[in-house]
Amino acid sequence: MSVESSVDLLERVRLGDKDALDVLLRRYVPALRRWARGRLPRWARDLADTEDVVQDAVIRSLRNLSTFEHRHDGALQAYLREAVLNRVRDECRRVGRRPGIDNLEEHFVSDGTSPLEAAIGARAVERYEAALQRLKPQEREGIVARIEMGYSYAEIAVMMGRPSADAARVAVSRALLRLAEELRNGG
Amino acid sequence: MAADADRLLALAEAISDGKASDWVAAESQAGSDGERALVRELRLLADLADAHRSASDSDATPDPASADVVRWGGLELRERLGAGTYGVVYRAYDRRLAREVALKLLHGSDDMSGQAVEEGRLLARVSHPHVITVFGADRFDGRVGIWMELIRGGTLEALVRERGPFSAREAAAIGAELCGALAAVHRAGLVHRDVKAQNVMREAGGRFVLMDFGAGQELTPGAQRGRIGTPLYMAPELFDGADASPQSDIYSLGVLLFYIVTGEYPVVGATATAVRDAHASGQRRRLIDLRPDLPPAFAQAVDLAIERDPAARYATPGAMEAALARAFEIRPPSDESRSWSTRARRVWTGVVSTAAVLAVVAALSTPSIRTRLADAVFAPAVKTVAVLPFTNLSNDPARQYFADGVTDILTSRLTMIASLRVIARGSIAAMPPDRRDPASLRSRLGAEYAIEGSVERQSDRVRINARLVQASTGDLLWAETFERPQGDLFALQGEIASAIGSRVAGHLSGETDRRLRQQQTTSIEAQDAFLQARYLIYTFERVRIAEARQLLERAVDLDRSYGAAYASLARTYGLLLEYNMATAAEIQPLAIAAAARAVSLSPDLPEANVIDAEMKFRLARDWTGADASYRQALALAPHSSLVLSPYSRFLCAMGQLDDALRYAEDGAAADPLSGEMVSSVGIVHYYRRDYDAAIRFQEKALAVAPSYGPAYFGIARALSGKGDYVKAIEFVQKAEAIVGPHASYRAELARNYVLAGYRDLADQTLGGLLVEARSGGATSYEGIGFVYAAMGDRDRAFEWLNRALDHYFARLLFMKVDPRVDSLRGDARFRALLQRLGLQP
């Protein structure tokens, strides 16, 4: 049984195919939701958790792809990630909700750190992001798909047009090494 | 070198696979400095991968559905309590809140269900100790349900039947409480429509609760629902087809009081038609005939409520409450230590004659407050408006901050109109963008008007289109386009606010108008920096706060008289302190100075007064100065949650809990979908030692904002106050799961371990905190003090509380009211501690 690439599905979505849309949503939304949680401050969880927000952002993005030109699935993923993050960030911004640990005395020891920042430090996250941008798009997408979004090698193979799961694994590992080099060289 | 390359690739593969590696060994095997550095970076990537993995693993796993448990939504149905024409009521269990609730599952066809959910959400707007707390309304599996607090007790009806009629004094006390309840219902823009003895419950413990909004509906003219109240309790004008009103609710309450002291009704009939006819022919029984022993003042108070002519009855439940109180010189429950302003307000709401109002006005010295009251006299009803985010028409997303600024400033200008209650931005944002239609704004927020528009900015010109819509009908009431050269947004938004304000609220006083149109700056560059900074501040992300600081410092540099920028700058300094991004020594003087400058440059800007008050409260410990600034802010923007909430918190610290409660409730009315605001009401109840009410409000906060972590912590504190230490521990852990581990949470755990008798766990946790303190790390000094207090070790308790004061006294500002130090209050050292804080015992 062949699995359709996201690019093909997208074509079908553009022609109004609702089943294709369902497949794309099932493919991307759960992982995006998980990913969004890791990237946002804990107190924004209910915004990311709301099925509506993430799914909504994805649906809107897919609809707005008339001007979008992408060559591979990884780019689509990146585009969706961007859209989701912006959307959730906008919601946070509009809410203007102050994070806090204790509404009683308001000594806000907690701040806007995401679980990720809390784990490895805000500076490290900044460096990682910057270095990631310096990689080639395919390399970047492979790393994000595997490390941040937790896709399996088989799924990544499909999304990135690799011949096999093993090939995807090799590609991701090589990309990680490149990323480490960029981090070291970039400072 | 091939071997090195293989080794490095193997490490990368392990990271990708999610397998652990021996990093120390890997670093030692590296052949060069360059390679060693590479290994370290790979290690960072491994940590990052782990962090992502655990972030997604930490999802709450849903409860495995058990086949034989009946569920609806997130609730387990446990027992059927009763049924009626509307639906069935169950006792249900909410696993997340670990408590039982009452769930009303409605019958009804699909096309009614949308309305029913909206109705449920209307009820959730009301927050009052004597009104049943509704947590939420939703639809699952095709059925609409409303879940609310579970009341264990009996109805007033049953009480009268079992024990006979009440005494006048008892009835007056019950009446006073129910008047408060009705006032809260009306304040939320609702009419109850079915006040009767069967709809009031007396909870075990004595609390009377107004229930069963089955027939409740909104105060919109002409709205017919087809559901009527009980004929014996119905006001006569309703039989003639008039709309339900606050007056008809008052009538029903009057009948209720009549009934509970006599066991009879003023107007009787076997059928609805018979009752209607009795009204028409003027057949009614007099209270004094049925119970000649009743004090005349009480009988008159009840009679006034059941006057046939609605205009002859009390204007408000508050007036009725006052009359009942006067009959027995009872002080209505929340009347202790009222400040002069609230006393004045209570007098005012009960008074009808102009002369009395003028007397009150003359008694107040501050001219600005007199203006506020004057506005209120001519336009007594406060109208609720919701400002939707203005859309950014310039196609550049980088310009979003400008549209956001327009929305924000317009909202803030509108709060300066005394007869408007402007819904805070947080509650608007809590509604999904595609569900902000007028009807939803009305039902979820109580908004009577919606304001929306668009912003377009071209090189040197600005074009703003603003629209005013009536929420109940969706009708466009007003629209106007303002096209100007780039200029002061405060002045422009003030102009728009003035136009809107006069349409909604009627005539605005000259003073208000002048204040609205006041300009802030002439420097476009400074304004741009200001707007961008505000946009960043709302993300509450550390990096962006730092950026905001720089932008604002630049803004005031460009224009030294930019009051609003100084106010935002002061606020930013405050955030830097809270986030431990700067030392107190460095930031504190800057914060205080910026706030003082803001208020001296813009004394009519509510934000400037609030931030000045906050600095005086939290940093300078100038209580009198803080109170004056809060009051000034309140006079300028009497219904703004941005003023009411901080002021309420300040009043808590001062020990003025009744006023604090009133302001917290008012603040929540303007920001009903904010977890923080609703939780704040709960906090005031906690300080008042009304732990059950505290828990109710924290649960309501969670109903509105499910992952507002501090609400779980608030529940934990209240449970601990009640003595339920084991459950308190459970809830601190729930809070931790959402917010993350913190020293204050650990301290609270330790405290409850002590009180629950888990000595080993207590010692372990306390030990951890002590280690942190000794190594000079950030920890909760006062928390350690609370643990020792719980242990009964007063010496150490005071030692650590004083050390907390040395470090940062801001955390001990609530010592006057914090239940956790109750065991220390008798000690002379406690007085000394309060003195150090500058607080009166």
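Draft legend 1. Quick look at the overall build of chain A. For chain A, the count of helices and strands is ten helices and zero strands. Order of helices (α) and strands (β) in chain A, N terminus to C terminus: α-α-α-α-α-α-α-α-α-α. Classification of the 187 residues of chain A by burial places 57% in the buried group. Contacts in chain A between residues at least 24 apart in sequence constitute 62% of all its contacts with a sequence separation of at least 6.

Draft legend 2. Region of the structure containing the overall build of chain B. The secondary structure content of chain B amounts to 37 helices and 17 strands. Across the 841 residues of chain B, 58% fall into the buried class. By sequence separation, contacts in chain B at least 24 residues apart represent 62% of the contacts at least 6 residues apart. For chain B, the accessible area works out to roughly 33,400 Å², and carbon and sulfur atoms hold 52% of it.

Draft legend 3. Expanded view of the pattern of salt bridges. All names here are of chain B. Counting across every chain of the model gives 68 salt bridges over all chains. Residue arginine 78 pairs with glutamate 76 through a salt bridge whose shortest N-O separation is 3.6 Å. We note a salt bridge from aspartate 658 to arginine 688, for which the minimum N-O separation is 3.5 Å. Highlighted residues: aspartate 658 in helix H28 (residues 657-670) and arginine 688 in the loop between helix H29 (675-687) and helix H30 (691-704), separated in sequence by 30 residues. With a relative accessible area of 30%, arginine 688 lands in the partly exposed category. When salt bridges with common partners are traced through the structure, they connect Arg71, Glu76, Arg78, Glu79, Arg91, Glu100 and Arg152 into a single cluster.

Draft legend 4. Up close: the sheet that holds strand E2 (residues 75-83) of chain B. Residue and element names in this part refer to chain B. Strand order in this open sheet of six strands is E1-E2-E3-E4-E6-E5, and the pairing throughout is antiparallel. Either end of the sheet is taken by a strand with one partner, and the two such strands are strand E1 (71-72) and strand E5 (134-140). Bridge count for E1 against E2 is two bridges, and the pairing is antiparallel. Counted as the bridge partner of arginine 71 is glutamate 76 from E2. Relative to E5, H30 is tilted by about 35°, and along the sheet it contacts strand E4 (99-106), E5 and strand E6 (143-149).

Draft legend 5. View of the packing of helix H16 (residues 400-414) of chain B against helix H21 (residues 524-537) of chain B. Residues and elements named next belong to chain B. It is the contact of H16 with H21, at a shortest axis distance of 9 Å, that shows an interaxial angle of 85°. Overall, the two elements H16 and H21 adopt an arrangement that is roughly perpendicular. Taken together, the residues of H21 that come into contact with H16 (itself represented by Gln400, Tyr401, Phe402, Asp404, Gly405, Asp408 and Ile409) are Asp528, Phe530, Leu531, Gln532, Arg534 and Tyr535. Counted by class, the contact of H16 with H21 contains six nonpolar, three polar and four charged residues.

Draft legend 6. How the structure looks around the packing of H21 of chain B against helix H22 (residues 542-558) of chain B. All names here are of chain B. One way to put it is that H21 packs onto H22 with a least axis distance of 8 Å and a crossing angle of 160°. Our classification of the angle between H21 and H22 gives roughly antiparallel. Of the two possible hands of crossing, H21 and H22 adopt the one that is left-handed. Of H22, the residues touching H21 (which contributes Glu525, Ala526, Ala529, Phe530, Gln532, Ala533, Leu536 and Ile537) are Arg544, Ile545, Glu547, Ala548, Leu551, Leu552, Arg554, Ala555 and Leu558.

Draft legend 7. View of the sheet that holds strand E7 (residues 153-155) of chain B. Residue and element names in this part refer to chain B. Pairing is antiparallel across the open sheet formed by three strands, whose spatial order is E7-E9-E10. Edge positions in the sheet fall to E7 and strand E10 (208-210), since each of these pairs with one other strand and no more. In this sheet, neighbouring strand axes are inclined to one another by 30° on average, regardless of whether the strands run parallel or antiparallel. Alignment of E7 against strand E9 (residues 200-203), held across three bridges, turns out to be antiparallel.

Draft legend 8. Structural context of the nonpolar core. The biggest cluster of nonpolar side chains holds 90 residues, and the ones touching the most others in it are Phe617, Phe650, Tyr687, Ile784, Phe814 and Leu824 of chain B. Looking at which element gives the most residues to this core, the answer is helix H27 (residues 641-654) of chain B, with eight residues.

Draft legend 9. Region of the structure containing the side chain of threonine 262 of chain B. Residue and element names in this part refer to chain B. With respect to the helices and strands, threonine 262 occurs in helix H8 (residues 246-262). Under the relative-accessibility criterion, threonine 262 is labelled buried at 15%. A distance of 2.9 Å separates a polar side-chain atom of threonine 262 from the backbone nitrogen of glutamate 264. Aside from chain neighbours lying at most four places away, what touches threonine 262 is Pro165, Leu287, Leu290 and Arg291.

Draft legend 10. Quick peek at the confidence of the model for chain A. Considering every residue of chain A, the mean pLDDT works out to 74; 64% of them sit at 70 or more. Across chain A, element-level confidence peaks in helix H10 (residues 165-186) of chain A with a mean pLDDT of 93 and bottoms out in helix H3 (residues 45-49) of chain A with 57.

Draft legend 11. Structural context of the side chain of serine 440 of chain B. Here serine 440 of chain B shows up in helix H18 (residues 438-445). Of the polar contacts made by the side chain of serine 440 of chain B, one reaches the side chain of aspartate 437 of chain B; its length is 2.8 Å.

Draft legend 12. View of the environment of serine 6 of chain A. Positionally, serine 6 of chain A belongs in helix H1 (residues 6-14). Serine 6 of chain A sits 17 residues away from valine 23 of chain A along the chain, and the two C-alpha atoms are 9.0 Å apart.

Draft legend 13. Fine view of the packing of aromatic side chains. Residue and element names in this part refer to chain B. By the definition in use, this model includes 20 aromatic pairs over all chains. Centre to centre, the rings of phenylalanine 530 and tyrosine 562 are 5.2 Å apart; their planes meet at 45°, and the pair counts as tilted. Here phenylalanine 530, found in helix H21, pairs with tyrosine 562, found in the loop between H22 and helix H23 (563-578); they are 32 residues apart in sequence, far enough to count as distant. Summarising the aromatic geometry, the rings of phenylalanine 713 and tyrosine 745 are spaced 4.5 Å apart at their centres and angled 35° between planes, so their arrangement reads as tilted.

Conventions adopted
Residues numbered from 1 in each chain as written. Chains lettered and ligands numbered in written order. Predicted model: local features only at pLDDT ≥ 70, side-chain atom pairs only at ≥ 80, totals over all residues. Heavy atoms only, no water. Helix = DSSP H or I, 4+ residues; strand = E, 2+ residues; numbered from the N terminus. Buried < 20%, exposed > 50% of the residue type's maximum accessible area, 1.4 Å probe, protein only. Contact = heavy atoms within 4.5 Å. Areas by Shrake-Rupley, 256 points an atom, 1.4 Å probe, with all protein chains shown as cover. Salt bridge = Lys/Arg side-chain N within 4 Å of Asp/Glu carboxyl O. Pairing = 2+ DSSP bridges. Axes fitted to C-alpha atoms, helices over the stretch in contact; angles between N-to-C directions. Parallel < 35°, antiparallel > 145°, perpendicular 65-115°, else oblique. Nonpolar A, V, L, I, M, F, W, Y, C, P; charged D, E, K, R; others polar. Left-handed = near helix turned anticlockwise from the far one by under 90°. Core = buried A, V, L, I, M, F, W, Y, C linked by side-chain atoms within 4.5 Å. Polar contact = N/O pair within 3.5 Å; in protein donor to acceptor, adjacent residues only side chain to side chain. pLDDT = per-residue confidence, 0-100. Phe/Tyr/Trp six-rings, centres within 6.5 Å; stacked < 30°, edge-to-face > 60°.

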